[in-house]
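One-letter residues, chain by chain:
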Amino acid sequence: MDTMTTKRGRVLRAAGASAVLTLAVTACGNDLPSGPMDENELETVFLTGRAVPEGWDLQGSPSSRDRFGETLDGFGPLDGQLGDPSEGCVEARSAGDEELAEAGMVAGATATYVTDQAMTEVEVFSTEDDVEFASLTHDMLEACESEIVEDLGRSTGLDGDDFEVSSPDTSGEGMLLVNDGADGGVVLLVIESYGNNHFTAVGFSADPRDVETLEGFIDEAQERFEQGPDETASEEESED
């Protein structure tokens, strides 16, 4: 994957806008429904039981809720304050907000996984119409890179200049931030859209050496999502 060098490290750079759009909206090789999933179906697309990779533990169980009629009005991790954003960052967020405001929600579900020192939060959701959530977010990540790094530095008490920013080595697009100092850490954000259905994962670890552990886990979580809902499980849940 192509990247460009900045004073803060390597920044996320897609091969081209059309390539990102194609990947985000028409991702293939999966068994997801052509339309949105309801909350019962979404609750079955997570790694559970023996499918959870060795070394990881699922905290509790996946939780879901009906969000029909709600507005998808934010970008998850990018909803927070980003200090004094640049004009490009403001424009990217405004353009994305306008498109997201028109996307009707159907349902959402989340699950949290942990190791001894790392954590990954997986959130999946469905929208009434096809929405380019992943593509919009990728644009935001690129336009607001310096603001995100600075905000991460403030929130961790570390020097933002010490974070290296790059594209993650995962099947999904996103942003990888690594600070390999003595008090550093790693943050990994991966997002992919499949028409009406969307996958997001945010991984954290205080140990920057956990990069491959996080990337590997998120790949497996995304692969499970792409297998689609467990119809037997969702039918049993609906009967209850």
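Conventions and cut-offs
Residues numbered from 1 in each chain as written. Predicted model: local features only at pLDDT ≥ 70, side-chain atom pairs only at ≥ 80, totals over all residues. Heavy atoms only, no water. Helix = DSSP H or I, 4+ residues; strand = E, 2+ residues; numbered from the N terminus. Buried < 20%, exposed > 50% of the residue type's maximum accessible area, 1.4 Å probe, protein only. Contact = heavy atoms within 4.5 Å. Areas by Shrake-Rupley, 256 points an atom, 1.4 Å probe, with all protein chains shown as cover. Phe/Tyr/Trp six-rings, centres within 6.5 Å; stacked < 30°, edge-to-face > 60°. Salt bridge = Lys/Arg side-chain N within 4 Å of Asp/Glu carboxyl O. Patch = residues over 30% accessible without salt bridge, like charges linked within 9 Å, V, L, I, M, F, W, Y side chains within 5 Å. Lys, Arg positive; Asp, Glu negative; His and termini not counted. Charge placed at Lys NZ, Arg CZ, Asp CG, Glu CD. Expected span 1.5 Å × (residues − 1). pLDDT = per-residue confidence, 0-100. Core = buried A, V, L, I, M, F, W, Y, C linked by side-chain atoms within 4.5 Å. Disulfide = S-S within 2.5 Å.

Draft legend 1. A look at the overall build of the protein. The helix and strand inventory of the protein stands at seven helices and nine strands. Out of the 240 residues belonging to the protein, those deemed buried represent 48%. Taking the contacts inside the protein whose residues are at least 6 apart along the sequence as the reference set, 69% of them involve residues at least 24 apart. As displayed, the protein offers around 11,700 Å² of accessible surface, 42% of which is attributable to carbon and sulfur atoms.

Draft legend 2. Region of interest: the packing of aromatic side chains. A full pass over the atoms with the stated rule returns five aromatic pairs. Aromatic side chains Trp56 and Phe217 sit 4.3 Å apart centroid to centroid with 25 degrees between the ring planes, which places their arrangement in the stacked category. Here Trp56, found in the loop between helix H2 (39-42) and strand S3 (57-66), pairs with Phe217, found in helix H6 (residues 211-226); they are 161 residues apart in sequence, far enough to count as distant. The class for Trp56 is buried, based on a relative accessible area of 7%. Under the relative-accessibility criterion, Phe217 is labelled buried at 1%. These aromatic residues form a ring-pair network of at least three members: Trp56, Tyr113 and Phe217.

Draft legend 3. The pattern of salt bridges, seen in detail. Applying the stated criterion to the full structure yields three salt bridges. One salt bridge connects Glu70 with Arg67, and the closest N-O pair in it is separated by 2.8 Å. Given the relative accessible area of 27%, Glu70 is considered partly exposed. A salt bridge links Arg209 to Asp207; the nearest nitrogen and oxygen atoms lie 2.9 Å apart. The exposure class assigned to Asp207 is buried, which follows from its relative accessible area of 12%. Salt bridges here are not isolated pairs; linked through shared partners, they connect Arg65, Arg67 and Glu70.

Draft legend 4. Region of the structure containing a negative patch on the surface. On the surface, a cluster of negative charge is made up of Asp97, Glu98, Glu99, Glu102, Glu128, Asp129, Asp130 and Glu132. Mapped onto the elements, Glu98 comes out in helix H3 (residues 87-100). Residue Glu98 is classed as exposed on the basis of its relative accessible area, which comes to 57%.

Draft legend 5. Examining H6 more closely. Its 16 residues place the ends of H6 23 Å apart at the C-alpha level, agreeing with the 22 Å of an ideal helix rising 1.5 Å per residue. Looking at H6, one finds that the buried residues are Val211, Leu214, Glu215, Phe217, Ile218, Ala221, Gln222, Arg224, Phe225 and Glu226. Here the buried face of H6 lies against strand S4 (105-114), strand S5 (118-127), strand S7 (173-179), strand S8 (185-194) and strand S9 (197-205).

Draft legend 6. Representation of the confidence of the model for the protein within the structure. Of the residues in the protein, 78% reach a pLDDT of 70 or more, and the chain-wide mean stands at 80. Here helix H1 (residues 17-25) stands out as the least confident element of the protein, with mean pLDDT 29; H6 is the most confident, with 97.

Draft legend 7. Representation of the nonpolar core within the structure. Ranked by size, the top nonpolar core spans 30 residues in total, and within it Phe46, Tyr113, Val122, Val124, Phe199, Phe217 and Phe225 carry the most contacts. For this core, the secondary-structure elements that each account for two or more residues are S4, S5, S7, S8, S9 and H6. For this core, the element with the highest residue contribution is H6, accounting for six residues. Once residues within four sequence positions are removed from consideration, Val124 is found in contact with Leu42, Val45, Phe46, Gly108, Ala109, His198, Phe199 and Phe225. Listed in part, the 23 residues of the second largest apolar core include Met105, Ala134, Ile148 and Met175.

Draft legend 8. Representation of the state of the cysteines in the model. Scanning all chains against the criterion turns up one disulfide. Disulfide pairing is shown between Cys89 and Cys144; the S-S distance is 2.0 Å. Taking the sign of the torsion about the S-S bond as the criterion, the disulfide between Cys89 and Cys144, at about 100 degrees, is right-handed. On the criterion of sequence distance, the pair formed by Cys89 in helix H3 and Cys144 in the loop between helix H4 (133-143) and helix H5 (145-156) is long-range, its members being 55 residues apart. Owing to a relative accessible area of 0%, Cys144 belongs among the buried residues under this scheme.

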